[in-house]
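Letter by letter, the chains look like this.
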Amino acid sequence: MRISLSWLAAYVPLPPAEELARRLTAVGLEVEAVERVGAALDGVVAARILSSERHPGAEKLAVCQVEAGDGPVQVVCGATNWKVGDVVPLATPGTRMPAGHRIDRASLRGVDSHGMLCSAKELALSEDASGLLILPGDAVPGTPLARVLGIEDVVLEVNVTPNRPDALSHLGIAREVAAATGAAVAYPDARLRQQAPPASASLRVSIEAPDRCYRYAARVVEGVRIGPSPAWLRQRLEACGVRSISNVVDATNFVLLERGQPLHAFDLDKVAGAEIVVRMARVGEKMVTLDGVERTLSPDDLVIADRDRASALAGVMGGGDSEISPGTTRVLIESAWFEPTGVRRTARRHALHTEASHRFERGVDPEGVVAALDRCAAMVAELSGGKVLRGAVDVHPHRRRPVDVVLHWARPGEILGMPVSRKEARIALLALGFELRASGAKNGKFRVPSWRLDVTREEDLVEEIVRLRGYDAIPETLPSIVSDTPALPLAAQIIERTRLALEGAGFSEAVNFSFVAPGDLTPLGPGNGRTGIPLRNPISADLAVMRSSLVPSLLKVLAYNRRQRVEDARLYEIASTYHPRGEGAVDDAPALEELHLSGVATGRRHPVGWSAGGDSIDFHDVKGALEAVLETLGVEGVRFVPGGGTWLHPRSAATMEWTAPDGGVVPLGVVGEIHPRVAAAFDLSRGVLAFDLSLEALNRAARLLTGHAGVPRFPAVLRDLAVVVANEVEARSVLDGVRAEPLVEDVTLFDVYKGAPIPDGKKNLAMAIRYRAADRTLTDSEADGAHARIVERLKGELGAELRG
Amino acid sequence: MDLVRDLEALAEGARLSIASASDDRALEELRVRFLGKKGEISAVLRGMGQLAAEERPRVGEVANRVRDEVESLLVLARQRIEDARLEQELRGSRIDVTLPGRRLLPRGHRHPVTRTTEEIVAIFARLGYEVASGPEIELDWYNFEALNIPADHPARDMQDTFYVDGAAIGRPEGEGAVLLRTHTSPIQIRAMKRAGSPPIRVVAPGRVYRSDYDQTHTPMFHQVEGICVGPAITFADLKGTLAAFARAFFGAGTRTRVRPSYFPFVEPGAEVDVSCSICGGSGSRSGARCGTCKGSGWLEVLGSGMVHPKVLENVGFDPAAVTGFAFGMGVERMAMLKYGIADLRLFYENDLRFLEQF
Ligand SMILES: [Zn+2]
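If you're wondering where the values come from, they're calculated on a predicted model, not measured in any experiment.

Colleague: Help me out: how do you make sense of the overall build of chain A in this one?
Modeller: A count of helical and extended segments in chain A gives 20 helices and 40 strands. In terms of its C-alpha atoms, chain A occupies a principal-axis envelope of roughly 125 × 85 × 60 Å. Going through the 804 residues of chain A one by one, you find that 50% of them count as buried. When the accessible area of chain A is evaluated, it comes to approximately 36200 Å², of which 51% is carbon and sulfur surface.

Colleague: Looking at this model, I keep getting lost on the nonpolar core. Mind explaining?
Modeller: In this structure, Phe 515 of chain A together with Met 192 of chain B are the most contacted members of the largest nonpolar core, which totals 142 residues. Among the elements that take part in this core, helix 8 (residues 235-250) of chain B stands out by supplying 8 residues, more than any other. The contacts of Met 192 of chain B, once residues within four sequence positions are left out, are Ile 200, Ile 227, Val 229, Val 311, Leu 312, Val 315 and Phe 317 of chain B. Counting 90 residues, the second-largest nonpolar core is a separate cluster that includes Val 177, Leu 268, Trp 337 and Phe 360 of chain A.

Colleague: Explanation requested: the packing of helix 13 (residues 490-504) of chain A against helix 16 (residues 619-632) of chain A in the structure shown.
Modeller: Each pair of packed helices can be described by the angle between their axes along with the distance between the axes. Residues and elements named next belong to chain A. In contact at an axis separation of 9 Å, helix 13 and helix 16 are set at 145° when each is read in the N-to-C sense. Where helix 13 crosses over helix 16, the handedness of that crossing is right-handed. Residue-level contacts link Arg 497, Thr 498, Ala 501 and Leu 502 of helix 13 to Ala 628, Val 629 and Thr 632 of helix 16. Within the contact of helix 13 with helix 16, the residues separate by chemical class into 4 nonpolar, 2 polar and 1 charged.

Colleague: Where do I start with the coordination of the zinc ion in this structure?
Modeller: Around a metal, the idealised angle for a tetrahedral arrangement of four donor atoms is 109.5 degrees; for an octahedral arrangement of six donor atoms it is 90 or 180 degrees. Residues and elements named next belong to chain B. For the zinc ion, every protein donor is listed as Cys 276 (SG), Cys 279 (SG), Cys 290 (SG) and Cys 293 (SG), and the spread of their distances is 2.2 to 2.3 Å. For the zinc ion, the 4 donor atoms in the first shell make angles of 105 to 114° at the metal, a pattern classed as tetrahedral. Here the donor residues for the zinc ion map to a single chain with the spacing C-x2-C-x10-C-x2-C. One end of the pair, Cys 276, is in the loop between strand 8 (266-275) and strand 9 (284-285); the other, Cys 293, is in the loop between strand 10 (288-289) and strand 11 (298-307), with 17 residues separating them in the sequence. Cys 293 matches Cys 276 in its accessibility class, with the two residues each being buried.

Colleague: In this structure, what is going on with the pattern of salt bridges? I would like to understand it.
Modeller: Charged atoms that come close allow side chains of opposite charge to pair. Using the criterion set out here, one finds 86 salt bridges over all chains in the structure. The residue Asp 615 of chain A makes a salt bridge to Arg 605 of chain A at a minimum N-O spacing of 3.5 Å. Of this pair, Asp 615 of chain A sits in the loop between strand 32 (592-602) and helix 16 while Arg 605 of chain A is found in the loop between strand 32 and helix 16, placing the two residues 10 residues apart along the sequence. Salt-bridge contacts for Arg 190 of chain B lead to Glu 138 of chain B; the nearest nitrogen and oxygen are separated by 2.8 Å. Of this pair, Arg 190 of chain B sits in helix 7 (residues 185-195) while Glu 138 of chain B is found in strand 2 (residues 137-139), placing the two residues 52 residues apart along the sequence. Each member of the pair, Arg 190 of chain B as well as Glu 138 of chain B, is classed as buried. One salt-bridge network, in which partners are shared between bridges, spans Arg 164, Asp 166, Glu 176, Arg 452, Asp 454, Glu 464 and Arg 467 of chain A.

Colleague: Please explain helix 13 of chain A as it appears in this structure.
Modeller: Every α-helix winds through 3.6 residues per turn, so residues three or four apart in the chain are directed the same way. Counted at 1.5 Å a residue, the expected span for helix 13 of chain A with its 15 residues is 21 Å, and the 21 Å between its end C-alpha atoms agrees. Taken from the residues just after helix 13 of chain A, Gly 506 of chain A is the one with a positive phi, measuring 90°.

Colleague: Help me understand the interface of chain B and chain A, please; the structure alone is not making it clear to me.
Modeller: Interfaces are often sized by the amount of accessible area the parts lose when they come together. On the side of chain A, 89 residues touch chain B, which itself brings 93 residues to the contact. Roughly 7700 Å² is buried in total at the junction of chain B and chain A, and carbon and sulfur atoms are behind 58% of that figure. Our enumeration of links across chain B and chain A arrives at 8 salt bridges. A salt bridge links Arg 499 of chain A to Glu 118 of chain B; the shortest N-O distance between them is 3.7 Å. Counting the contacts that link chain B with chain A gives 40 residue pairs in polar contact (both at pLDDT 80 or more). Broken down by element, the residue count for the side of chain B that touches chain A peaks at 8 residues, all from helix 8 of chain B. Here the residues of the side of chain B that touches chain A are counted per class, giving 45 nonpolar, 20 polar and 28 charged.

Colleague: So what exactly am I meant to see when it comes to the sheet that holds strand 19 (residues 310-313) of chain A here?
Modeller: Consider a sheet: its strands pair through backbone hydrogen bonds, and that pairing is either parallel or antiparallel. Residue and element names in this part refer to chain A. The 5 strands lie next to each other as 12-15-18-19-20, forming an open sheet whose pairing is mixed. The outermost strands of the open sheet, each flanked by one partner alone, are strand 12 (204-207) and strand 20 (317-318). In the sheet, strand 15 (residues 275-280) pairs with strand 18 (residues 302-305) via 4 bridges, with the strands oriented antiparallel. Across the sheet, Arg 279 pairs through a bridge with Val 303, a residue of strand 18.

Colleague: Is there a simple way to explain the domain arrangement of chain A in this structure?
Modeller: When the domains of chain A are assigned, the result is domain 1 (2-38 + 153-181), domain 2 (39-148), domain 3 (194-395), domain 4 (409-473), domain 5 (490-701) and domain 6 (717-802). In this structure, domain 1 of chain A and domain 5 of chain A have C-alpha centres spaced 54 Å apart.

Colleague: I keep staring at the confidence of the model for chain B and nothing clicks. Help me out?
Modeller: Interpretation of this model should avoid reading the predicted coordinates in detail wherever pLDDT is low. Confidence in the prediction for chain B averages 91 pLDDT; 99% of positions are at 70 or higher. Among the scores for the predicted complex, ipTM is 0.86 and pTM is 0.86.

Colleague: Can you help me understand the packing of aromatic side chains in this one?
Modeller: Residues and elements named next belong to chain B. Across all of its chains, the model carries 23 aromatic pairs over all chains by this definition. Look at Phe 124 and Tyr 129: their rings are 5.3 Å apart centre to centre, the planes differ by 70°, and that puts the pair in the edge-to-face class. Accessibility classification places Phe 124 together with Tyr 129 in one group, the buried group. Taken together, a centroid distance of 6.4 Å and an interplanar angle of 65° make the contact between Tyr 129 and Phe 327 edge-to-face. Here the residue Tyr 129 occupies a position in the loop between helix 5 (112-126) and strand 1 (130-131), and Phe 327 occupies one in strand 12 (residues 323-330), the gap between them amounting to 198 residues. Among the aromatic residues, those joined into a cluster by ring pairs are Phe 124, Tyr 129, Phe 245, Phe 249, Phe 250, Phe 325 and Phe 327. The residue whose ring lies beneath Arg 190 is Tyr 142, and the NZ or CZ to ring-centre distance is 3.8 Å. For Lys 338, the ring lying beneath its charged end belongs to Phe 249, and the centroid distance is 4.3 Å.

Colleague: Explain unusual backbone geometry to me, please; I cannot follow it from the model alone.
Modeller: Most peptide bonds are trans, and most residues other than glycine sit at a negative phi. With an omega dihedral of 0°, the bond running from Ala 756 of chain A to Pro 757 of chain A counts as a cis peptide bond. In this fold, Pro 757 of chain A is placed in the loop between strand 38 (744-753) and strand 39 (762-771). Cis peptide bonds are those with omega within 30 degrees of zero, and the linkage from Pro 198 of chain B to Pro 199 of chain B qualifies with 0°. In this structure, Pro 199 of chain B sits in the loop between helix 7 and strand 5 (200-209). Phi angles above zero are rare outside glycine, and Ala 232 of chain B is one such case at about 60°. Examined against the element boundaries, Ala 232 of chain B turns out to sit in the loop between strand 6 (220-230) and helix 8. Phi is positive for Asn 350 of chain B, close to 55°, though the residue is something other than glycine. Along the polypeptide, Asn 350 of chain B turns up in the loop between helix 11 (346-349) and helix 12 (352-355).

The rules behind these values
Residues numbered from 1 in each chain as written. Chains lettered and ligands numbered in written order. Predicted model: local features only at pLDDT ≥ 70, side-chain atom pairs only at ≥ 80, totals over all residues. Heavy atoms only, no water. Helix = DSSP H or I, 4+ residues; strand = E, 2+ residues; numbered from the N terminus. Buried < 20%, exposed > 50% of the residue type's maximum accessible area, 1.4 Å probe, protein only. Areas by Shrake-Rupley, 256 points an atom, 1.4 Å probe, with all protein chains shown as cover. Core = buried A, V, L, I, M, F, W, Y, C linked by side-chain atoms within 4.5 Å. Contact = heavy atoms within 4.5 Å. Axes fitted to C-alpha atoms, helices over the stretch in contact; angles between N-to-C directions. Left-handed = near helix turned anticlockwise from the far one by under 90°. Nonpolar A, V, L, I, M, F, W, Y, C, P; charged D, E, K, R; others polar. Donors = N, O, S within 2.8 Å, 3.2 Å for Na, K, Ca; no water. Tetrahedral: all angles 85-135°; square planar, octahedral: opposite > 155°, others 65-115°. Salt bridge = Lys/Arg side-chain N within 4 Å of Asp/Glu carboxyl O. Expected span 1.5 Å × (residues − 1). Buried area = accessible area lost by both parts, 1.4 Å probe. Polar contact = N/O pair within 3.5 Å; in protein donor to acceptor, adjacent residues only side chain to side chain. Pairing = 2+ DSSP bridges. Domains from an automatic or database assignment. pLDDT = per-residue confidence, 0-100. Phe/Tyr/Trp six-rings, centres within 6.5 Å; stacked < 30°, edge-to-face > 60°. Lys NZ or Arg CZ within 6 Å of the ring centre and 35° of its normal.

As structure tokens, this is what we get:
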């Protein structure tokens, strides 16, 4: 809300602008900006033309001596509409003109000019470029032009929160200023002169929807002549950002900005049957609003209708049919109280947000309806030469009972944590317009002012007291609650350990929007019908679906980084995926949200360096990273089973399966190379690795507190073993075969070799095996025996051949 | 007596040759020459058989003395040669210590939003707050109604809301609107309902969504919510807690300022400003107006207030018996202020050249 200080000063004495801004902010009316109106005219002053002579070198130019406050100066001028003795605007050297250029001392065809005499257009005051702007003859030379024109003003941009519709006007702000400074508000007098005949003779009003219109008051002004508003009115409206339209319309807007009561003016001659019916719109009813849009109304829209049709959307916008026009002579002024939620629904339904709807949906002062009407009628009559017919037509089906709230004198102290005396409480509330209706030892009963619809209970009174006293007065203490110190939840510990392990493996964290384009999810293939959850009102088609997988977002980030020439990238994200809720949901969350850990990787295995090769990262690098995660979480018994879903390369992907202690197999997730078609869909080349794990499953498998087995007391025996097996034989089968021997403590696969002299279709696996017994020193022959049993088993089960 | 003389001469020769030996091989040759089974001392001793019995002890004594001396000289000489060799190695050519260290893997980096969230949560965890979470796809009741924001209330304009089609998640019509939570405040409600009774102290980070996308807004962002409810919790406690938080997060010298504001679920409501972390609250920086606080010296960082009695009633608490405070802050804003990040878009581009700076 823009508040003009020159206007505000008419109702209450004001401290300097900066101080006022601080005080208003301190009582909860945050001043977001202090703007000096007329600042664009800085440097332009009134100047009287003392004499002039023709320019010696240019027929059309005059050389003038002007008085601008500091003695005569010489200015060259090209205009002709002036005479010696006129007062005109002078842009002094250094002035920045509205068009952007700077006025400097200059020489025009050999004659010095100390500034420029200006037209209204050059000063952006009007479109008039026909000559110099002639100012009133009594203007004192040297006075800033903004002051001469009366447009010098300061405007505060006040952020009025939705609970404070009472502050959406100059009088409303004046009340707050008065309360904060201890001054009194000078309410303007309506100065209403009424004449016969009574208004009720020329107008009938009925309310058919009393639950949506609590009061409808109207006055009639006859003999009106529509014309422009006087300058003072135009300037006040313009300072507040409201365009001047005509004297009658401007009067309604003036009262709106003065009192916060929206008003509407109708051309009474266009009101069919001279009848106003406040009723619900009919199904399919149409009307054209003032903005020229034809609207189909809803039966939930309240309209102001005449005998024949709807002529305004009540509380939101008038209609074109009954609009004030240059020929209007009889004016109907409406001042009403519309039920807030209904106005809001209509405004939203028609995507209209007006000065009127903004105030009605927040709640205007129910007791201010008639006062505003009288004020407006008086102004219309004064500005347009009309006469106000006797009496208001006032239909008031829903009378409001005053609200009284009891304040326990101890309550402010209990809530605020500092002593607040009974007297302090009383003084603050009285300053804000509350009335003390009854006072006892323990409490007092306060009547809430009619404009404070937001105050309904004791806590509201406490807020009023403290905002007026100032929040600075409240001390700083710490709560005295004693309670158990909660442990960091297990799930949070698991996430923290996972992050550390991934960071150690070179993965950086991405944070992506939860919504994606529907097409982002499709390349992943049918994920058990999981296609995300579409939004009803997405902000763009690219952000339309709550994602069912984190992988597409990560692939897009990878592609983005590729475009930035970042070739080596390892990224992960931990976030929710969103799915329709299935059976067996445990709480009342409307959708299923599963926390996932997903990652992508591409580029070189090691950072480029003087001693590192340029190998590319591959499946086993990412598997290693995930093994580090599993290890740090104490997850044991995970198998990487070939094959991992439709979006991974069928040859190079695995599903991670964890075998629970009860024998049940829990899939943790998948890891592998991105399917070439998926990679292409995301503009990525081959060789992108990815993984996707369920944190829920990891939580089940994790054992953060692990036991220990001491250190071995007896020496180990080390033996190497190299076997040749068919390519199809998985390493895991060979290693499991070795581990099946009870004396094997550990086995490390240190080489996999294909090629001569190994026959085609076969591979050589070289392993280092450590044998140990827990209770004795192994003899060589015991180790030899174990080794031989392993060789026999591998031969028998896997067709392995021993190599030297 | 010839033998004694021979031994003395032998010892003298050994002294000279051992002293001039310059490597291990020469020493070994000398050891064999003097001390070996076929060495010179042995050769002298072999001549003892021809001596008279009374002379043998004296010659034997000299022979042993000479052997001991030669052995000692050899040990010392070995040490001398070893020292010389080490000395030479230590003086040898240096490795290039300026070659970059060998890194097998790059270091991974945590996203600044996560880092900042963790810092905020850790501070409140030290103050005894429990960490809670809640769904992002939320019911209208938790996001609005329970927080004293009824349908058709203008306060709803403060938060442009994304809605989810109930049918898309198999939800029958008429069970209330489903939306993306516009703030983390619904977690307050869930936490109080879950706890069942006060006291309760909860801090809740999470993603939130508002339909707004420009230079200073993203449709998704992060908040941290906190709530403390119990008997006799006061506004002074709110001020003290948030002042303590601000000092812990922004630094010990940070000042806080609290001023009235409006959030429907608190009363009295307060906006909390902290002294500008960039200009230290002076409003100017190297002579010019501080751009971060626009010259005011203060930064708006938190919304807060005393939990509205209607909210307490909505979760079944008695507002006559318990009071509480709640607060909420935007994580991106806190991160921007703490790390001096000027452009909101950086958070969601996930450019590794940005992420790697954290
Ligand atoms: Zn600053």
